[in-house]
Amino acid sequence: MKKTFTLLLGLCVLVSCNEDEFLEKDYIETFQDRYNRENPTGDLENDFKIAKYNCEVAEEENDIEQTTFRVDFPAAIECEFNEGGSGINDLNVQGNAPRIDALITARIKQDQSIDLSAGTTICDMEFNFPEQNMQYDDEIFLLVNDYVVMSSQDYSESDKHPNGLKKNAIGLQQYDWSGENGLLGLDYIQYYTPQFCLGVDNDDPDYATKCNIPATETFGQMKLEIPKTEIVKLGLLSEGVVNRDTKTKLDFSFVTTGDNDNGDCEHAAYSYEVTVKHVNIYELAEEASDSAE
């Protein structure tokens, strides 16, 4: 039997549709052709509403799939400072500045991508970190699709960091290194701001179970529990979600920063498992169409 779902009333604002299409549709086709990744202040908010709706419907209909991946970041030794430079704007080929006490001047960024089928909508992610020896210096950032999901201090734009990392149209904190709102040149002061986890409020009574980066040189377990709605937003920025001929890619990154010391930018090897919950609207629509014939 062909599945049918009520259409979001706002969809016809995005695409033209006749009366039958307005009343009934297999699934909303997420990410219309007019979606433009380079213009996140355009249709991004509408795309989020559609993707969120599709995930809710897929969950109700038991159409959510899940895939578990292992993410590995090897140990990093120390920053490659620009030893011949004299100021914050003197950058070497790695994009790092000279050693300057109490300013972020260098970083190491490691990347790993995982692939899902083309046109996949990301609905949720669960992070599973093992207990391990924590070692990092100075600060660490965990990124998904180049947006901060976890950091040992909050470097978003604020009174303490007026030129801190900006948030996009749907509230995601975008990682940048040397741009106008990049990490390069921001103040480095230990414990200057609290830890950051996407979608987790510092006043949450369960904060410690949802967001935790143990102190360096301790044995502990990182914890990260991101609300589903924030995961759906992150998924919008995945390569391939708007192209049925290109695999959907989720990009994970690990960043460490330093100011002036030997051993800055170092971190121990970190590995974790991430379970991605997802649905492919295109495939479900085709299956529904085939079953109706």
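Treat the numbers as computed from the prediction; the structure is a model and nothing was measured.

Conventions and cut-offs
Residues numbered from 1 in each chain as written. Predicted model: local features only at pLDDT ≥ 70, side-chain atom pairs only at ≥ 80, totals over all residues. Heavy atoms only, no water. Helix = DSSP H or I, 4+ residues; strand = E, 2+ residues; numbered from the N terminus. Buried < 20%, exposed > 50% of the residue type's maximum accessible area, 1.4 Å probe, protein only. Contact = heavy atoms within 4.5 Å. Areas by Shrake-Rupley, 256 points an atom, 1.4 Å probe, with all protein chains shown as cover. Core = buried A, V, L, I, M, F, W, Y, C linked by side-chain atoms within 4.5 Å. Disulfide = S-S within 2.5 Å. Pairing = 2+ DSSP bridges. Axes fitted to C-alpha atoms, helices over the stretch in contact; angles between N-to-C directions. Salt bridge = Lys/Arg side-chain N within 4 Å of Asp/Glu carboxyl O.

A.B. asks: How would you explain the overall build of the chain if you had to name every residue and give the values?
C.D. replies: When you go through the chain residue by residue, the secondary structure sums to six helices and 14 strands. Residue burial in the chain is summarised as follows: out of 293 residues, 47% are buried. Pairs at least 24 residues apart make up 72% of the contacts formed inside the chain by residues separated by at least 6 positions. Accessible area of the chain: about 14,400 Å², with a carbon and sulfur share of 43%.

A.B. asks: Give me the lowdown on the nonpolar core, citing residues and values where you can.
C.D. replies: Ranked by size, the top nonpolar core spans 65 residues in total, and within it Met125, Phe127, Leu142 and Phe252 carry the most contacts. In this view, Phe127 contacts Leu142, Val144, Leu224, Ile226, Phe252, Tyr272, Glu273 and Val274; residues no more than four positions away in its chain are not counted.

A.B. asks: Just give me the short version of the state of the cysteines, but keep the residues and values in it.
C.D. replies: Under the definition given, this model contains three disulfides. Here Cys55 engages in a disulfide with Cys123; their sulfurs sit 2.0 Å apart. Between Cys55 and Cys123 the disulfide shows an S-S torsion of about -85°. By sign, it is left-handed. Of this pair, Cys55 sits in helix H3 (residues 44–60) while Cys123 sits in strand E3 (residues 120–128); the two residues are 68 residues apart in sequence, bridging distant segments of the chain. By the burial criterion, Cys55 is buried, and Cys123 matches it. One disulfide bridge connects Cys79 with Cys265, the sulfur atoms lying 1.9 Å from each other. Linking Cys79 and Cys265, the disulfide has an S-S dihedral of approximately 85° and is accordingly described as right-handed.

A.B. asks: Would you mind going over the pairing of E3 in detail, with residue names and values included?
C.D. replies: Across the nine residues of E3, seven count as buried, placing the element largely inside the fold. One ladder, built from eight bridges, connects E3 with strand E14 (residues 270–280); its direction is antiparallel. Its bridge partner lying in E14, Thr121 is registered against Val279.

A.B. asks: Before we move on, could you go through the sheet that holds E3 and cite the residues and values that matter?
C.D. replies: Judged by pairing direction, the sheet is antiparallel, and its three strands sit side by side in the order E1-E14-E3 without closing on themselves. Pairing within the sheet leaves two strands with one partner each, and these edge strands are strand E1 (65–73) and E3. Within this sheet the neighbouring strands show an average axis-to-axis angle of 30°, counted without direction.

A.B. asks: So what's going on with helix H5 (residues 228–236)? Residues and values would help.
C.D. replies: Most of H5 is tucked away, with seven of its nine residues classed as buried. Within H5 the residues assigned to the buried category are Glu230, Ile231, Val232, Lys233, Leu234, Gly235 and Leu236. Taken together, the buried residues of H5 touch H3, E3, strand E6 (140–144) and strand E7 (147–151).

A.B. asks: Tell me what's going on with the pattern of salt bridges, and back it up with residues and numbers.
C.D. replies: Enumeration according to the criterion identifies 10 salt bridges in this entry. One salt bridge in this structure joins Asp146 and Lys109, with 3.5 Å as the shortest N-O distance. With Asp146 in the loop between E6 and E7 and Lys109 in strand E2 (residues 106–116), this pair connects stretches of sequence that are 37 residues apart. For the salt bridge of Lys210 with Asp204, the shortest nitrogen-to-oxygen distance reads 2.8 Å. Within the structure, one salt-bridge network assembled from shared partners comprises Lys109, Asp111 and Asp146.

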